[in-house]
Amino acid sequence: MASNKKKLVCDISVDDPVTSESESELDDDELAEFNLEFSGHLTLHDEQNGAVNNNRERSGSMGSVHSQQDGDKKLKFHPGRTVFEVVSAKTMKDGHKKFVLYTVAVLRTRGTDTSQAIIERRYSDFYHLNQNLRKSFPEIMENVEFPRKVMTGNFKVEFIAERSRAFEYFLTHVFDVEAIRTSDEFQDFFYNRDLRLAYKYMSVGNFQEAIPHLQNALHLQEKMIGDTHPDTIRTLCGLIVAYTSLEDCESHAHEYAEAALKNIGDDPTNPFLIPLLQNLIGIRWRLQKDKRDLECRLSRVKLHVGDGPLEMPTLEDLVMQCLSHI
């Protein structure tokens with residue numbers, strides 16, 4: 001049977017400290033400090049029909065918040081502009097075992113996006129993602145290639161460069177499928193672990209430690225699911241709660257609150273809207289900024305909602321409730 005494999009162009013610049021075919025010329029201490037820096041990119045072209053459509057319905061993450069408009073309109077997000085690049089790899093030691101840690105940069109529109117989001121993952125992380133996706137999406141993943149485990153030679157420069165290209169291809173290919181892109185498995189690989197850590201810190205009142213994890217998750221979500229996705233708005237609200245709980249951080253809370261309100265847009269059914277408006281009115285008042293437009297909007301939204309619960313959850317209550325289910 002003819003092979004369907006395609007040659008992929010990827011320019012990689014490597015400073016190779018290893019000139020022998022044997023990896024034993026580097027001792028353990030040298031391997032622990034062995035770093036590879038990659039430069040270049042992988043460009044893929046689907047010559048047939050683009051991404052495979054998944055006809056199966058899957059429920060969203062329990063930590064997601066959805067408005068009534070989610071099913072009525074498509075979010076203005078173009079996944080084809082998202083790029084995955086393995087920008088570096090370094091050999092690490094875990095006890096007596098060695099492994100390669102890959103740094104993956106996520107960008108929007110190569111060449112113009114200078115604020116890349118970064119994650120660090122080892123082969124086992126990619127392997128578990130692949131296995132989980134094959135269990136959840138067997139038909140879609142049937143023809144998706146994934147680099148196999150090897151017993152020897154996995155610390156050679158050429159092998160790491162080849163595997164890096166394979167990871168780029170794998171992530172780009174599965175990301176094109178909306179059902180995979182929004183799945184729990186894919187979100188767990190990229191940013192849910194940061195959100196879980198943020199919830200852990202916030203639940204004990206350590207908001208300062210939660211902020212870097214929320215910011216990293218937000219950066220990834222903006223590039224992978226878009227600014228207006230309900231999960232991105234949820235993370236923005238988490239940052240508002242965290243900064244509001246710290247002293248002298250009102251300006252940061254105000255910045256994120258204005259961004260969240262802009263991303264919600266004209267959707268009066270978004271569950272974050274009323275507590276966000278209430279929170280932002282308080283922030284503007286403390287910053288001595290005009291809040292009359294927000295008060296008018298809050299009144300209109302309450303009229304739209306009609307008879308509801310007498311006590312609505314605060315922004316912090318809603319955020320913590322959502323994060324607890326991730």
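The rules we used
Residues numbered from 1 in each chain as written. Predicted model: local features only at pLDDT ≥ 70, side-chain atom pairs only at ≥ 80, totals over all residues. Heavy atoms only, no water. Salt bridge = Lys/Arg side-chain N within 4 Å of Asp/Glu carboxyl O. Helix = DSSP H or I, 4+ residues; strand = E, 2+ residues; numbered from the N terminus. Buried < 20%, exposed > 50% of the residue type's maximum accessible area, 1.4 Å probe, protein only. pLDDT = per-residue confidence, 0-100. Contact = heavy atoms within 4.5 Å. Phe/Tyr/Trp six-rings, centres within 6.5 Å; stacked < 30°, edge-to-face > 60°.

Once that is clear, we can look at the pattern of salt bridges. What the rule picks out here adds up to eight salt bridges. With a closest N to O distance of 2.5 Å, E250 and R286 form a salt bridge. Taken together, the positions of E250 in helix α9 (residues 250-264) and R286 in helix α10 (residues 273-286) put the pair 36 residues apart, joining distant regions of the chain. Residues D290 and R292 are paired through a salt bridge, measuring 3.1 Å at the closest nitrogen-oxygen approach. Overall, the relative accessible area of 59% leaves R292 in the exposed class.

With that out of the way, let us pick up the confidence of the model for the protein chain. Averaged over all residues, the pLDDT of the protein chain is 82; the fraction at 70 or higher stands at 73%. At the low end of the mean pLDDT range in the protein chain sits helix α1 (residues 28-32), at 42; at the high end sits helix α2 (residues 123-136), at 98. In the predicted structure, residues 1-34 sits below a pLDDT of 50 and forms 53 contacts with residues beyond four places in sequence or in another chain. The model gives residues 37-60 a pLDDT under 50, and that stretch makes 53 contacts with residues more than four places away or in other chains.

Bringing the environment of V104 into the picture now. Position of V104 relative to the elements: it lies in strand β3 (residues 97-108). Overall, V104 belongs to the buried group, its relative accessible area being 1%. Taking the C-alpha atoms as reference points, V104 and R121, separated by 17 residues in sequence, lie 7.6 Å from one another. Excluding its chain neighbours within four sequence positions, the residues that come into contact with V104 are E85, V86, A117, I118, I119, F126 and L171.

By the definition in use, this model includes 15 aromatic pairs. An angle of 75° between the planes, with centres 5.2 Å apart, marks the rings of F84 and F175 as edge-to-face. Of the two residues, F84 is situated in strand β2 (residues 82-94) and F175 in helix α4 (residues 157-175); the sequence distance between them amounts to 91 residues. Per residue, the accessibility class of F84 equals that of F175, and both read buried. Ring plane angle 50° and centroid distance 4.9 Å describe the contact between F186 and F190, whose orientation is recorded as tilted. Note that F186 and F190 are positioned in helix α6 (residues 184-202) at a spacing of four residues, about one turn of the helix.

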